[in-house]
Amino acid sequence: MKVAKHRARVGVVVALAILTLGATRSRAQEFAPAAPEPLVMGAASMLDQALAPERRAPELVILGGRPFGLAALDAAAVAAGLGWRSLRGAAGLARSGDPAIGWSTVAFAIGGATPGAGYALRVAARRDRRSDAAIAAESGAPPDAPPGTIATDLGGGTSAGVNAGGELGAGAWIAPGRVVLLWVAHPQLVTRGAAPPLARGLECGVAWRGSRVRAWLARELAAAPGGSDTHRAGIAFGGVDASAWVEARDAPLRAGLGVAARAGPFAVGVRVDAHPVLPQSVRFECALGSAP
Amino acid sequence: MSLDSTCRAAALLLSSSLAGAAPVFAQCGAADRPLISEVFYDAVGDDSGLEFVELFNAGAAPVALAGVRLEAGDGSAPGRWSVRWTGAARDTIAPGMRFVVGGARVQPAPAVIATLDLQNGPDAVRLVWADGVSEVVGYGVQEFSEYACGTAADDAASGLSLARIPDAARTGSNATDFRPATPSPGRANQPDRDAAVIAGSLSIEPGQPEPGAAMRVRARLVSRGALGFPPGDVSVQLGFQGVPLLDRDIDARLARGDTLVIDLVLPAPAAGAGELIARVTAIGDEDSTDDRDSLRVRIGAGPLEVTEIQFHPAHGEGEWVEVRNGTSEPVDPAAFLYGDRAGAKGAIHGGAAPIAPGGYAVVAQDRVHWRAAFPGADSTRVFAVSPWAALNNANDANGIADVVTIRERDGTPCAAVPYSATGIPDGVPVERAADGRWGPDSDPMGTPLAAPHVLPPLARTFRAAPRRWRAGAAAATTLEWSLPWAAAALEVIAYDFAGRRVAVIVPPEATPARGQYRWHPALGPGVYVLALDAHAATGQSLGASEAVRVTGVAP
């Protein structure tokens, strides 16, 4: 056990060093859980932010959502997680968006965790549901057709034929005394091929975990030069069987709320995020596995 | 001096009346002699050969003019008379006839051609008979009494003669006997029977009717003779390009001096441009020179059609009007004049003429600013107008803001398009749709030099097409919207997949209900949500969003 703890702490230090030095960009939201990270860490959070869960029991999670009320962005995913001693692993599949703009994702994560710390690496690969060539063929027009005459403009770009890409990310957390939790995550330290659907930056945060109340504060650095950092803060009430939470974000200022419930090995959660201009986003998850 | 002359004339009149004889006026001729009935001394432009003096014999017997002298007087000093013509033995005036002494260019040719070299007033002409009887016709403000019979007549404007009206008037004063009139050498100044069409009174409505459509023709007739016309003696005829359109009797009595408005509605003839002529015919009409009036008209569309009007520019481009060559032949815009409802007076120039058949051109208030606002447009098809007639932005009581007018240089109408500014969002041009109806432009900036965008009904509030493109693609994405109001203030903003605002695509501006915007995206790879936010003048608002994808390689 001492060996495992030692390995985990070394892993956290290494991960933090890598993340701090490589703070450039990160992206991917297919596996984002309904519950705010790192309120509950599991297979989804390991695939989404490379935050390895404390528990090692197997877990199966089904995720879905409709971002901004747009059916064209509907997403569904399945993720599975497993642990052995201090090692943690997760894998998942996801499909997002309609055929014209959507993509499919496969992701893997591996890491280590102890009750006081955790670290992981994540890898995700995406492929457009339709290639540029297929879209052009379906629209019946050549890629260089005049604007407005085809459903998809595929001409003139600098990435002709690139419809698949991948990313590598890492994350780590530490919980000294188990009440305070610090984490840092960079979902995309490295990207290759087709660009991800969203540029996400390095995130770091702190959480306070009481018996019935939990609160957190996180900051995500701007993903691109000239962008602005974003922040989120939340508070959750309840225990393992039932909980509710609210979370506020800035840029632009908005809020989300959610609830979760567990009955034996079954758990469900749902969250709604409001936006000052865009329609609401809805996300849900169903999990099968022992309580954390 | 004038008072002295008047007193002397009054004394003579009084003594003659007391004696029971016909009135006798000094320098005013004699009752049994022909009178000077018309003097034309100031033609428009060069007078030479156009001046004339007309004598009229109102008596019942012929009068010989042998030895009679016609003299010109210079009113600047006393006694400055010079002979211009002397009657020969063959010169005689028959009873009721006229004798014209004038230049070689007088039409009809005068009885005697002479160089009169008459001066503009204050001056005079004098007819001196062999027995010493003389008649003076003075004009202008005279300083010396010898240059007028009684009070001199008012000076006549260029192009008008001094005519004795009635022809046998003899009141003892040039001022009351003579008045300015259209020159009528050899003809009565005031015939007994003369029906005329008042020059310039002919008009049609609409100004450019379609073939076969109802057109309203108006003209004014006047009875200028000493006598009038009973009902049925007068008729009016209309013709276009030599083809008779109408011949109608006037059933009303036309008394002396009466004016009659002719108001006729008839189908417009076949398409074409030419003269519409209104002519009056009257039984016993003694003067045929004033029987007609004409108007350059066009039936149907002209060579240049007005297709788009920017009357309230909001982007510094200045006012502009798009025209289209609707013919099968090239058209040179320089052959036309541009203007507003006050008339077409602006010369069209610059640009690369001619306009090809079916081609478009723009006449702009300011070519430089227009080209800056439309950098991608073909500037060779942009023409300047001098002077530019500024177009109104607000409607008048009739619901018309202004009328874009184009005429050929000979005055023939080419196009006259009234427009209403009501309901047109600020800065948005008005455009003629394929069905001929005018309305707000589908593109807030307009579609100059291009055919109108025919926007089919949109089943959704907001749409982007295409929804997917490569980063760096040169082609534009078209954003379309369909709002439940006539017009609205609208903006479109792009948010990234995390809901963060990343770009303003369409800044807040007034737009028509159905419209589109050509957007050249500059977003990096990613998924974006385009959010449309529209507000009606009533305070209602509406939002809609569309997901789009920009593909590209990861940096």
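None of the values given here were measured: they were computed from a predicted structure.

Asker: Pulling in residues and values, what's your account of the overall build of chain A?
Answerer: When helices and strands are counted, chain A shows three helices and 15 strands. For chain A, the proportion of its 292 residues judged to be buried stands at 50%. Put simply, of all contacts in chain A between residues at least 6 apart along the chain, 53% involve residues at least 24 apart.

Asker: I'd like to hear about the overall build of chain B, residue by residue, with values.
Answerer: Within chain B, the secondary structure is distributed over three helices and 36 strands. Looking at chain B residue by residue over its 555 residues, the buried ones come to 43%.

Asker: With reference to specific residues and values, describe the interface of chain A and chain B.
Answerer: Contacts between the two partners involve 40 residues from chain A and, on the opposite side, 37 residues from chain B. Elements represented by at least two residues in the side of chain A that touches chain B include exactly α3 (132-139), β6 (152-153) and β8 (180-193) of chain A. Here the element with the most residues in the side of chain A that touches chain B is β8 of chain A; it accounts for three residues. Split into classes, the residues belonging to the side of chain A that touches chain B amount to 23 nonpolar, 13 polar and four charged.

Asker: Mind laying out the sheet that holds strand β2 (residues 52-56) of chain B, listing which residues take part and the relevant values?
Answerer: Residue and element names in this part refer to chain B. Strand order across the open sheet formed by six strands is β8-β7-β2-β1-β11-β12, with mixed pairing between neighbours. Looking at which strands have only one partner, the edges of the open sheet turn out to be β8 (112-113) and β12 (178-181). Of the strand pairs in this sheet, strand β1 (residues 35-40) and β2 are connected by five bridges, and their pairing is antiparallel. Looking across to β2, one finds that Phe40 is bridged to Phe52.

Asker: So what's going on with the sheet that holds strand β5 (residues 81-86) of chain B? Residues and values would help.
Answerer: Residues and elements named next belong to chain B. The antiparallel open sheet is built from four strands, whose spatial order is β5-β4-β9-β10. On the outer flanks of this sheet lie β5 and β10 (134-139), each paired with one strand and no other. Averaged over neighbouring strand pairs, the angle between their axes works out to 20° when direction is ignored. In terms of strand pairing, strand β4 (residues 69-74) meets β5 through five bridges, oriented antiparallel. For Glu71, the partnering residue across the bridge sits in β5 and is Val83.

Asker: Run through the confidence of the model for chain A, naming residues and quoting values.
Answerer: All names here are of chain A. On average, residues of chain A score 83 in pLDDT, and 82% of them reach the 70 mark or higher. Between residues 15-28, whose pLDDT stays under 50, and residues either more than four places distant or in other chains, the model counts 44 contacts. Per-residue pLDDT stays below 50 along residues 140-160; that stretch engages in 55 contacts with residues further than four places along the chain or on separate chains.

Asker: Tell me what's going on with the pairing of strand β2 (residues 75-84) of chain A, and back it up with residues and numbers.
Answerer: All names here are of chain A. The alternating pattern of β2 places Ala75, Ala77, Ala79, Gly81 and Gly83 on a buried face and Ala76, Val78, Ala80, Leu82 and Trp84 on a face that is not buried. As paired strands, strand β1 (residues 59-66) and β2 are joined by seven bridges and run antiparallel to one another. Bridge pairing in β2 places Leu63 opposite Ala77. Note that β2 and strand β3 (residues 87-96) share 10 bridges and pair antiparallel. Within the sheet, the bridge partner assigned to Ala77 lies in β3 and is Ala94. Two successive antiparallel strands, β2 and β3, enclose a turn made up of two residues, where Arg85 displays a positive phi of approximately 55°.

Asker: Any details on the environment of Met41 of chain A? Residues and values, ideally.
Answerer: Residues and elements named next belong to chain A. Mapped onto the fold, Met41 is located in the loop between α1 (2-21) and α2 (43-49). Sequence-wise, Met41 and Ala52 are 11 residues apart; in three dimensions their C-alpha atoms are separated by 6.9 Å. Contacts of Met41, omitting those with residues within four sequence positions, involve Leu51, Pro53 and Glu54.

Asker: Could you give me a rundown of the environment of Arg371 of chain B, with the residues and numbers involved?
Answerer: All names here are of chain B. When you line up the elements, Arg371 lands in helix α3 (residues 367-373). The partly exposed category is assigned to Arg371, around which 17 C-beta atoms lie within 10 Å. Arg371 sits 54 residues away from Glu317 along the chain, and the two C-alpha atoms are 7.6 Å apart.

Asker: Help me get a handle on the nonpolar core, residues and values and all.
Answerer: Ranked by size, the top nonpolar core spans 82 residues in total, and within it Phe31, Met46, Leu47, Leu51 and Ala79 of chain A together with Leu530 of chain B carry the most contacts. For this core, the element with the most residues is strand β33 (residues 477-496) of chain B, which contributes 10 residues. Excluding its chain neighbours within four sequence positions, the residues that come into contact with Met46 of chain A are Leu51, Ala52, Pro53, Gly81, Arg88, Ala90, Ala109, Gly111, Ala120 and Arg122 of chain A. Listed in part, the 42 residues of the second largest apolar core include Leu55, Leu70, Ala72 and Ile165 of chain B.

Asker: Describe unusual backbone geometry, listing the residues and the values that go with them.
Answerer: Of the consecutive residues Gly121 of chain B and Pro122 of chain B, the connecting peptide bond is found in the cis state with omega at 5°. The backbone phi angle of Ala251 of chain A is positive, close to 55°, even though this residue is not glycine. When the 16 C-beta atoms within 10 Å are taken as the criterion, Ala251 of chain A is described as partly exposed. The backbone phi angle of Asp117 of chain B is positive, close to 50°, even though this residue is not glycine. Structurally, Asp117 of chain B can be placed in the loop between β8 and β9 (123-128). Looking at Asp117 of chain B, the number of C-beta atoms within 10 Å reads 13, which means it is partly exposed.

Asker: Explain the confidence of the model for chain B residue by residue, including any values.
Answerer: All names here are of chain B. Across chain B, the average pLDDT comes to 89, with 95% of residues at or above 70. At the low end of the mean pLDDT range in chain B sits helix α1 (residues 2-19), at 41; at the high end sits β2, at 97. Segment residues 1-24: pLDDT under 50, and 28 contacts once partners within four positions in sequence are set aside and those in other chains are kept. For this predicted complex, the interface score ipTM comes out at 0.87, alongside a pTM of 0.56.

Asker: Let's hear about the environment of Ala218 of chain A: which residues, and what values?
Answerer: By the element assignment, Ala218 of chain A lies in strand β10 (residues 213-220). Beyond its immediate chain neighbours, meaning those up to four positions away, Ala218 of chain A contacts Glu203, Cys204, Gly205, His231 and Arg232 of chain A.

Calculation criteria
- Residues numbered from 1 in each chain as written.
- Chains lettered and ligands numbered in written order.
- Predicted model: local features only at pLDDT ≥ 70, side-chain atom pairs only at ≥ 80, totals over all residues.
- Helix = DSSP H or I, 4+ residues; strand = E, 2+ residues; numbered from the N terminus.
- Buried ≥ 20, exposed ≤ 12 C-beta atoms within 10 Å, placed from the backbone.
- Contact = placed C-beta atoms within 7 Å.
- Nonpolar A, V, L, I, M, F, W, Y, C, P; charged D, E, K, R; others polar.
- Pairing = 2+ DSSP bridges.
- Axes fitted to C-alpha atoms, helices over the stretch in contact; angles between N-to-C directions.
- pLDDT = per-residue confidence, 0-100.
- Core = buried A, V, L, I, M, F, W, Y, C linked by C-beta atoms within 7 Å.

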